[in-house]
Amino acid sequence: MAQVPQTFFDALAVRTWCGLALESLGRAREDIDAINVYPVADGDTGTNLYLTVESAVAAVEAVFTAYDDGKPTLADAARAMAHGALIGARGNSGTILAQLLRGMAQVLAADGETAHTDGSGLRLALRQAADSARGAVAHPVEGTVLTVASAAADAAGGAEGEDCGAVARAAYEGARTALAATPGQLAVLERAGVVDAGGRGLVAVLGALVETFTGEAVAAFSVLHTRVEDGSHGTPVVGGGTSPADAEECADAVGDGGPAFEVIYLLEAGDDAVDRLRERLDGLGDSLVIVGGDGLWNVHVHVDDAGAAVEAGVEAGRPYRIRITHFGADDAHTTGRRPSRERVQRAVVAVVPGEGLAGLYTEAGATTVLARPGEPPASGELVEAVRRAHAREVVLLPNDADLRHTAAAAAEQARTEGIRVALIPTRSAVQGIAALAVHEPERRFDEDVVSMTSAAGATRYAEVAVAERQSWTMAGICQAGDVLGLVDGDVAVIGSDVTATAESVLDRMLSAGGELVTLVLGDQAPEAIAEHLEARVRESYLAVDTVVYRGGRQGALLLIGVE
C-alpha cells in the first residue's frame with residue numbers, strides 16, 4: 001500500500017521517515033548482516049543499524065506523546081531523533097548513522113528566520129550529515145558508508161527545485177550508485193563479492209526518505225555483486241550476482257589482523273576533553289568514531305586493551321552504558337580471516353552490572369550484556385547478544401530478578417530463529433559466577449543446564465547499597481543515605497557504616513553454613529573493605545574460602561555470594 005506522502009519537512013515527516021526506515025532495515029537486516037566484512041567480519045551491521053534507528057524511533061514517539069495536541073515542532077522531533085540515535089547507537093556503522101542523523105538535525109532544528117523545511121533545507125541537511133559523519137571518524141576510508149553519504153549529498157545538491165521528494169530521490173539514486181561502486185574502492189569487498197554493509201543500510205534509510213515524501217516505496221534490490229575470481233574484474237552491480245551463502249564462503253583475507261575488543265560507551269564530557277580523548281584512543285586501536293556534542297558523546301573504538309579505553313573515558317568525563325565485546329579467537333579481526341559461519345555448539349550469554357564483571361565473564365567465555373544502574377537492557381539487546389554468540393545452544397543468565405520477563409521474551413524470540421535457549425533464573429551476578437564455574441560445553445545440553453541451575457540455586461546472594469530516599473523495609477524505616485544490607489533481595493540490615501553493615505550481612509549468611517564467599521567490589525566501596533571481610537571469614541569461619549573481584553561501576557557498593 002502506498003504511503004501518504006509528506007509535502008515538506010515537519011515533525012510528522014520526521015516521525016514517518018524514522019518509522020519507515022526501521023521497517024526497511026528490519027526487512028534488510030539479515031541480508032546486511034550476511035555481507036558485513038569490513039571493518040570487522042562479525043555479521044552484525046544490519047542488526048546494529050536496526051537497533052540504532054529503533055532507539056531514534058522511540059525518542060521521536062516519546063516527543064509526540066509528550067505533547068497534548070500531538071504536534072511537536074520540527075526542531076523538537078529532529079533533536080529527539082538525533083538524541084535517540086546517539087544514545088542507542090550500536091557498532092561502527094550505527095555510530096556513524098547516529099552522527100548522520102545528528103548532522104541533519106543540526107540543520108532542521110536550527111534557529112533562524114528561514115525554516116529548512118523544503119528541498120533546499122533537505123539539501124543542506126544531507127550535506128551537513130555527510131560532512132559531520134566524516135569528521136567524526138578518526139581515519140575515514142573510501143568505499144564505506146562515508147562514501148555513500150557523501151555521494152548522496154552531492155546528488156541532492158545537483159537536484160533542481162524545492163520539492164523534497166525530488167531531492168530525496170536524487171540522494172537515494174546517488175547513494176545507490178556509490179554503493180554499487182564500493183567493491184572497487186575496498187579490496188575486501190571485492191574479494192567477498194559484496195557491497196559495503198553500512199552503505200547498504202544507509203541506502204535503505206534514504207529509500208525510506210523517498211517513500212516519506214513521494215508515498216512510493218523504492219524497488220527492492222540485492223546487496224551483492226558479481227564475484228571476482230582468478231584475478232578477473234567483475235562489474236559491480238546492485239541487483240544480482242553472488243548469493244549470501246557464497247558471499248560468506250569467499251569473504252576471506254579481510255586484513256592483517258587487529259584489536260580483539262570493541263568498546264562502546266556514552267560519555268558526558270566537554271569538547272576539549274573529547275579532543276584529548278580522540279588522541280588517546282587513536283593511539284590505542286582503530287575504527288575510532290566519536291559522535292555527538294553539547295556535552296554528550298558516543299564513543300566507539302576497537303582495541304586490545306579494553307580497560308585502557310574505558311580508563312581514558314573516565315579521565316575525559318563520565319562514561320556509562322559501557323559495552324565491551326570480544327571478537328573471539330576465530331574472528332577476522334584477530335586472525336586476519338573471516339570467521340567460519342558454522343555455529344559453535346554452545347555458548348553462555350550473561351547480563352552483568354559492571355565493567356569488571358564483564359571482563360571476568362568474557363574471560364570465562366561468556367557473551368556479555370552490560371547493564372548500568374537504572375538502565376536495564378531491553379529484550380532486543382539480549383536477542384542481539386544471543387545472535388552474536390553464534391551458537392546452536394545458548395544458556396541465558398539474566399543475573400537480575402527484575403529481568404526475568406525481559407529475558408524470557410528474548411529467549412522466546414531466539415527460539416523462533418532456531419536457537420535452543422535455556423533460561424537459568426539467576427537473580428544476582430554472583431549466582432551467574434557460580435553457574436559459569438560449572439559450565440561444561442562438552443556434556444549434554446540438558447545436563448549442563450541442570451548443573452548450572454543447581455550451582456546458581458545453591459548460591460545465596462546479598463548486596464550492600466546506599467538508600468536514595470526514605471522508605472519502609474523489612475528491617476524497618478530507612479532514611480536517605482543509610483547503608484542497606486540486602487539478603488536474597490530483601491533489606492536485612494540498616495546501618496551507617498559500609499564495612500560494619502557488610503560484616504553483619506556476611507555473618508547472617510554464613511550462620512547457615514557455606515564453603516566459599518564471593519565478594520564483588522563496586523568502584524565506590526571503601527578501600528579496606530575486602531581485606532576486613534577476608535580477615536573476618538578467616539578468623540571466624542573455618543574451611544571457608546574467599547575470592548574477591550573488582551566489579552567497577554556496578555551500582556551496589558558490594559555484592560556477596562555464599563556457596
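See above for the structure.
Worth saying up front: this structure is predicted, and the values here are computed from it rather than measured. Residues take numbers from 1 onward in each chain, read along the sequence in its written order. Restriction of local features to residues with pLDDT of at least 70 applies here, the model being predicted, together with a cutoff of 80 or more for giving and counting side-chain atom pairs; totals for whole chains, interfaces and linings are based on all residues. With hydrogens and water stripped out, all remaining heavy atoms of the structure feed into the side-chain values.

**Quick look at the overall build of the protein**
Stage number 1. Only DSSP runs of H or I covering at least 4 residues are called helices, and only runs of E covering at least 2 are called strands; the numbering of each starts at the N terminus. A tally of helices and strands in the protein yields 20 helices and 16 strands.
Stage number 2. In the protein, which comprises 563 residues, the proportion classed as buried is 56%.
Stage number 3. When contacts within the protein are restricted to residue pairs at least 6 apart in sequence, those whose partners lie at least 24 apart make up 70%.
Stage number 4. Areas reported here follow the Shrake-Rupley algorithm with a probe of radius 1.4 Å; residue values treat only the protein chains shown as occluding. For the protein, the exposed surface amounts to about 23,300 Å²; the carbon and sulfur share of it is 49%. Exposure classes here rest on a 1.4 Å probe applied to the protein chains alone. A residue is buried below 20% of its type maximum, exposed above 50%, and partly exposed in between. Throughout, a contact is declared for two residues whenever any of their heavy atoms are within 4.5 Å.

**With respect to the pairing of strand β14 (residues 516-522)**
Consecutive residues of a regular strand have side chains that alternate between opposite faces of the sheet.
Stage number 1. With 6 of its 7 residues buried, β14 lies for the most part within the structure.
Stage number 2. By definition, two strands form a pair when at least two bridges between them are found by DSSP. Direction of pairing for β14 relative to strand β15 (residues 545-552): parallel, over a ladder of 7 bridges. The residue of β15 that forms the bridge with threonine 518 is valine 547.
Stage number 3. By convention, orient the strands away from the viewer: a clockwise path from the first strand over the helix to the second makes the crossover right-handed. In the classification by handedness, the crossover that spans β14, the intervening helix α20 (residues 529-540) and the parallel β15 is right-handed.

**With respect to the packing of helix α17 (residues 429-437) against helix α18 (residues 445-457)**
Stage number 1. Only the stretch in contact is used when a helix axis is fitted, and all axes are lines through C-alpha atoms; the angle between N-to-C directions ranges over 0 to 180 degrees. The contact between α17 and α18 brings their axes to 8 Å, and the two run at 145°. The handedness of the crossing between α17 and α18 is right-handed. Residue-level inspection shows Gln431, Ala434, Ala435 and Leu436 of α17 in contact with α18, the latter providing Met452, Ala455 and Ala456.
Stage number 2. By residue class, the composition of the contact of α17 with α18 is 6 nonpolar, 1 polar and no charged. Note on convention: the crossing is left-handed when the near helix lies turned anticlockwise from the far helix by less than a right angle, right-handed when the turn is clockwise. The nonpolar class holds Ala, Val, Leu, Ile, Met, Phe, Trp, Tyr, Cys and Pro. Asp, Glu, Lys and Arg form the charged class, and all remaining residues, Gly among them, are polar.

**Brief notes about the sheet that holds strand β4 (residues 318-326)**
Stage number 1. With antiparallel pairing, 4 strands are arranged side by side in an open sheet as β2-β3-β1-β4. Of all the strands in the sheet, just β2 (285-293) and β4 have a single pairing partner and so form its edges. Sheet twist, expressed as the average angle between the axes of neighbouring strands with direction ignored, equals 10°.

**Focus: the pairing of strand β6 (residues 367-370)**
Stage number 1. Residues Thr367 and Val369 line one face of β6 and the alternating positions Thr368 and Leu370 line the opposite face, and both faces are buried.
Stage number 2. Strand direction decides the pairing type here: strand β5 (residues 344-352) and β6, joined by 4 bridges, are parallel. Across the sheet, the residue bridging to alanine 350 is threonine 368, located in β6.

**As for the nonpolar core**
Stage number 1. The criterion is simple. A nonpolar core is a set of buried Ala, Val, Leu, Ile, Met, Phe, Trp, Tyr and Cys residues joined through side-chain atoms within 4.5 Å. With 89 residues, the main nonpolar core has Phe9, Trp17, Leu122 and Leu126 as its most contacted residues.
Stage number 2. Residue contributions to this core peak at 11 residues, all from helix α1 (residues 11-34).
Stage number 3. Setting aside anything within four residues of it in sequence, one finds tryptophan 17 in contact with Phe9, Met81, Leu101, Met104, Val205, Ala208, Leu209 and Thr212.
Stage number 4. Formed by 48 residues, the second largest nonpolar core is a distinct cluster that contains Ala309, Ala312, Ala435 and Ala556.

**Side note on the sheet that holds strand β8 (residues 420-423)**
What holds strands together in a sheet is hydrogen bonding between their backbones, with the strands either parallel or antiparallel.
Stage number 1. In space, the 4 strands of this open sheet follow the order β6-β5-β7-β8, with parallel pairing throughout. Across the chains shown, the open sheet's two edge strands, defined by having one partner strand only, are β6 and β8. Strand-to-strand twist across the sheet, computed as the mean angle between neighbouring axes with direction ignored, equals 20°.
Stage number 2. Where strand β7 (residues 391-397) lies against β8, 4 bridges are found, and the strand directions are parallel.

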